[in-house]
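# Breakdown of the fold
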Amino acid sequence: MQAFTSHHGIVAPFDRANVDTDLIIPKQFLKAVKKTGFGPNLFDQLRYKDEGQLGMDNSKRPVNPDFVLNQKRYTNATILLARENFGCGSSREHAAWALLDYGFRVIVAPSFADIFYNNCFKNGMLPLVLLDMEIDELFQGVESGAVVELTVNLQAQEVRLAKGKNYHFEIDPFRKKCLLLGLDDIGLTLEKQQLIRDYERKQKEICPWLFEDIIV
Amino acid sequence: MSPKTLYDKLWDSHIVEKRDDGIALIYIDRHLLHEVTSPQAFEGMKIAGRTPWRTAANLATPDHNVPTTKSERLAGIDGIVDPLSKLQVEILDVNCKDLGIVQFGMEDVRQGIVHVVGPEQGLTQPGMTMVCGDSHTSTHGALGALAQGIGTSEVEHVLSTQCLLQKKSKNMLIQVNGQLATGVTAKDIVLHVIGVLGTAGGTGYTIEFAGEAIAALSIEGRMTVCNMAIEAGARAGLVAVDAKTVEFVKGRPLAPRGAMWDRAKDYWLTLVSDSDAVFDKVVQFDATQIEPQVTWGTSPEMVIGISGKVPTMGMMKTSSEKDSLGRALGYMGLSEGQSIKDIKLDRIFIGSCTNSRIEDLRAAAEIVKGKTVATSIKQALVVPGSGLVQQQAEKEGLAKIFVEAGFEWRQPGCSMCLAMNADKLGQGEHCASTSNRNFEGRQGFGGRTHLVSPIMAAAAAIAGHFVDIRSWK
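Scoring rules and cut-offs
- Residues numbered from 1 in each chain as written.
- Chains lettered and ligands numbered in written order.
- Predicted model: local features only at pLDDT ≥ 70, side-chain atom pairs only at ≥ 80, totals over all residues.
- Heavy atoms only, no water.
- Contact = heavy atoms within 4.5 Å.
- Buried area = accessible area lost by both parts, 1.4 Å probe.
- Salt bridge = Lys/Arg side-chain N within 4 Å of Asp/Glu carboxyl O.
- Nonpolar A, V, L, I, M, F, W, Y, C, P; charged D, E, K, R; others polar.
- Pairing = 2+ DSSP bridges.
- Helix = DSSP H or I, 4+ residues; strand = E, 2+ residues; numbered from the N terminus.
- Expected span 1.5 Å × (residues − 1).
- Buried < 20%, exposed > 50% of the residue type's maximum accessible area, 1.4 Å probe, protein only.
- Arc of directions from axis to C-beta.
- Polar contact = N/O pair within 3.5 Å; in protein donor to acceptor, adjacent residues only side chain to side chain.
- Core = buried A, V, L, I, M, F, W, Y, C linked by side-chain atoms within 4.5 Å.

## A look at the interface of chain B and chain A
At the junction of the two partners, chain B supplies 81 residues and chain A supplies 64 residues. Of the roughly 6,400 Å² buried where chain B meets chain A, counting both sides, 58% is carbon and sulfur surface. The tally of links from chain B across to chain A stands at eight salt bridges. In terms of residue class, the side of chain B that touches chain A is made up of 34 nonpolar, 26 polar and 21 charged.

## Re the pattern of salt bridges
Scanning the entire structure with this criterion turns up 36 salt bridges over all chains. What emerges from the salt-bridge pattern is a single network uniting Lys122 and Asp185 of chain A together with Glu154 and Arg235 of chain B.

## A few points about the sheet that holds strand β7 (residues 146-149) of chain B
Residue and element names in this part refer to chain B. Read from one edge of the open sheet, five strands run β5-β4-β3-β6-β7, paired in parallel fashion. Bordering the open sheet on either side are β5 (102-103) and β7, each of which pairs with just one other strand. Sheet analysis places strand β3 (residues 30-33) next to strand β4 (residues 58-60), joined by three bridges and oriented parallel. Across the sheet, the residue bridging to Leu32 is Leu59, located in β4.

## Quick look at helix α4 (residues 83-99) of chain B
Residue and element names in this part refer to chain B. For α4, spanning 17 residues, the distance from its first C-alpha to its last is 24 Å, which sits close to the expected 24 Å at 1.5 Å a residue. Every buried residue belonging to α4 is among Ser85, Gln88, Val89, Leu92, Asp93, Asn95 and Cys96, and all of these are buried. The arc that holds the buried residues of α4, viewed along the axis, is 165°, so those residues lie on one side. Projecting away from the buried face of α4 at angles above 90 degrees are the exposed residues Pro83, Lys97 and Asp98. Looking at the buried positions of α4, the neighbouring elements they touch are α2 (39-47), β4 and β5. Its side-chain oxygen 2.8 Å from the backbone nitrogen of Leu84, Asp82 forms the N-cap of α4. Phi for Gly100, located one or two positions after α4, is positive at around 75°.

## Topic: the pairing of strand β18 (residues 430-433) of chain B
Consecutive side chains along a regular strand alternate between the two faces of the sheet. Residues and elements named next belong to chain B. Residues His430 and Ala432 of β18 are buried on one face, and the alternating residues Cys431 and Ser433, pointing to the opposite face, are buried as well. Here β18 runs beside strand β19 (residues 448-451); their pairing, made up of four bridges, is parallel. Residue pairing in the sheet places Ser433 in a bridge with Leu451 of β19.

## So, helix α5 (residues 114-121) of chain B
Residues and elements named next belong to chain B. For α5, the tally of buried residues reaches eight of eight residues, placing the bulk of the element in the interior. Every buried residue belonging to α5 is among Val114, His115, Val116, Val117, Gly118, Pro119, Glu120 and Gln121, and all of these are buried. Close packing links the buried residues of α5 with β3, β4, β6 (129-132), α9 (219-227), α10 (243-249) and α14 (387-395). Looking one or two residues past α5, Gly122 carries a phi angle of roughly 80°, positive in sign.

## A closer look at the nonpolar core
Counting residues in hydrophobic clusters, the biggest one holds 117 residues, and the most contacted among them are Phe43, Phe86, Leu99 and Leu126 of chain A together with Ile348, Phe402 and Phe407 of chain B. Beyond its immediate chain neighbours, meaning those up to four positions away, Phe86 of chain A contacts Phe14, Val19, Ile24, Phe43, Leu80, Leu99, Ile107, Ala109, Ser111, Phe112, Ala113 and Phe116 of chain A. Counting 99 residues, the second largest nonpolar core, distinct from the first, contains Leu32, Ala147, Phe248 and Ala255 of chain B.

## Overview of the sheet that holds strand β16 (residues 379-382) of chain B
Strand pairing in a sheet is mediated by backbone hydrogen bonds. Such pairs are either parallel or antiparallel. Residues and elements named next belong to chain B. Strands sit in the order β17-β16-β15-β18-β19 across an open sheet of five strands; the sheet is parallel. Both outer strands of the open sheet, β17 (408-409) and β19, are each paired with one neighbouring strand and no more. Examined bridge by bridge, strand β15 (residues 347-350) and β18 share three bridges and lie parallel to one another. Counted as the bridge partner of Ile348 is Ala432 from β18.

## Considering the environment of His8 of chain A
Residues and elements named next belong to chain A. For His8, the position within the fold is in strand β1 (residues 6-13). Residue class for His8 comes out partly exposed when judged on its relative accessible area of 47%. Separated by 151 residues in the primary sequence, His8 and Val159 place their C-alpha atoms 9.7 Å from one another. If we skip the residues at most four places from it in the chain, His8 touches Thr78, Glu149, Leu150 and Thr151. Side chain to side chain, His8 and Glu149 meet in a polar contact 3.1 Å long.

Structure below.
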């Protein structure tokens with residue numbers, strides 16, 4: 001996994017609560033069997049005026065000029081500023097893959113849905129939680145043009161605005177460590193092989209039926 | 001020993017390692033796989049040079065992409081017209097064959113929606129931890145199993161290690177007191193609960209559903225309730241084990257047998273929250289006050305009773321709420337204060353992991369028996385949850401009742417719940433659907449979903465609009 005230590009980039013404001021993963025990446029794109037290539041269809045229903053399909057030439061599709069990511073000043077955004085309960089709904093990791101493939105490394109919101117939040121960390125992305133008041137300030141700043149870029153320092157757990165203002169954010173220490181070092185969780189778990197075997201042996205005595213093979 | 005909730009008991013009995021930083025390595029007893037969220041996990045495992053930790057703890061079945069018309073199903077995988085859908089189903093098939101994972105393939109009568117298949121086969125048992133790369137895995141919690149949806153990276157993690165790294169959730173108790181009125185179902189309970197909690201109300205919690213109204217539900221009904229725990233933001237929903245749970249599992253193909261059965265059963269009956277267990281949050285509901293529910297908007301929390309009206313701007317407190325309402329009304333083509341019964345419907349969908357079990361089909365068939373789908377309805381679909389549900393429904397004559405009333409009787413799969421196959425809504429069409437999500441575009445580009453119970457959907461098909469099922473004749 002790609003490590004995440006700090007990030008500096010343009011921030012795009014997406015002012016909408018309860019953005020669901022169906023909206024982030026619609027179902028027709030889930031037919032792909034790779035983890036990459038979802039970026040051009042991120043927020044497909046909002047970015048374009050027609051119905052997108054996998055493999056379509058997006059440069060020929062009618063663009064929705066009102067959608068925030070279609071505005072020139074946000075073209076190279078790598079930080080998405082969002083509202084509460086971002087990423088609710090389906091567990092599709094394609095939502096995190098689409099945001100990453102588009103170029104986002106950080107999503108800033110007052111709260112996230114659990115499965116989406118977890119999926120981000122598995123892909124070297126930082127879902128960053130700030131207080132409602134701080135989010136409101138950021139939306140005002142970004143929309144007025146006073147705030148264009150942010151610097152996120154994971155080690156210090158700090159978001160820095162150009163004007164010298166800082167916000168502190170909380171993050172679980174284990175997730176922080178995995179991101180900073182770009183650790184592969186499966187590799188980490190496999191270092192505990194002996195503990196897993198010991199658990200299986202003990203549990204098999206208590207609940208042997210749990211270890212019956214699925215044979216049909 | 002300090003008192004424990006059911007969730008505490010399930011969590012504690014699966015800890016492989018408790019770490020100092022609040023994360024635990026927990027053991028996963030059963031893993032369900034389907035074609036959409038697994039290809040990248042299998043590929044990742046292969047690239048890393050790993051193999052499944054415990055092959056025989058996995059069970060796969062294709063469901064999201066499979067066609068539901070008989071003609072397309074006759075030729076198995078080769079018959080899938082959409083080349084992309086076909087590729088996913090093929091990749092699942094190849095991966096399962098290569099690794100020796102048991103799969104109920106497209107021609108197998110046991111194929112179906114993963115969350116219908118698991119309980120039906122007795123794969124889902126009380127006290128287990130279960131995962132699947134699908135958020136509606138919460139369904140299995142109805143049997144007292146800790147069941148959670150996971151992303152594809154975690155699918156790979158579970159395949160490779162049979163474990164997950166997790167932080168324990170908080171405990172929430174949803175207590176539904178009293179009895180439901182006739183015509184009010186499990187679906188209405190859970191839609192009403194989501195309406196009150198909101199779609200983020202359960203975030204960070206495991207929800208245990210309890211109380212007289214939950215105890216009175218069948219296991220199928222409890223599955224409907226737990227299925228939608230995720231729509232309130234909770235990864236897992238639970239119902240305590242009781243005699244009904246044990247009876248449900250008994251004799252199913254993968255259930256324990258003989259002396260093992262007796263041991264398992266005794267253990268399962270301990271899987272209830274201790275009477276003095278402490279929950280982080282408790283919310284009480286009065287079942288007698290719950291009406292048949294209909295969603296009017298683009299989130300499951302945008303729901304109201306059948307006698308209600310679409311909310312108005314004046315009722316919204318914050319600008320964010322006003323924005324959400326404005327956007328939802330625009331998308332749904334509804335006006336403020338409009339009566340739910342006046343919404344004109346175009347299609348009906350009875351199916352999905354929420355409501356496609358035999359009990360759901362029996363209830364819906366009872367409503368439509370001897371009646372005819374309204375001429376204004378373009379299509380009314382019934383999609384059974386599995387091949388075995390389909391077989392049973394045909395045997396009981398339910399399929400015939402549906403077909404005679406003007407419904408299309410289809411082959412099992414996820415179908416129009418998420419419209420990954422050919423079953424979808426056209427732009428602007430309204431659908432009474434027994435599924436679980438009414439998000440924008442969920443059932444088709446520009447499609448407008450109204451979530452309801454099977455009997456409400458059945459009655460709406462006949463009337464052409466929503467009706468109060470409590471006064472149905």
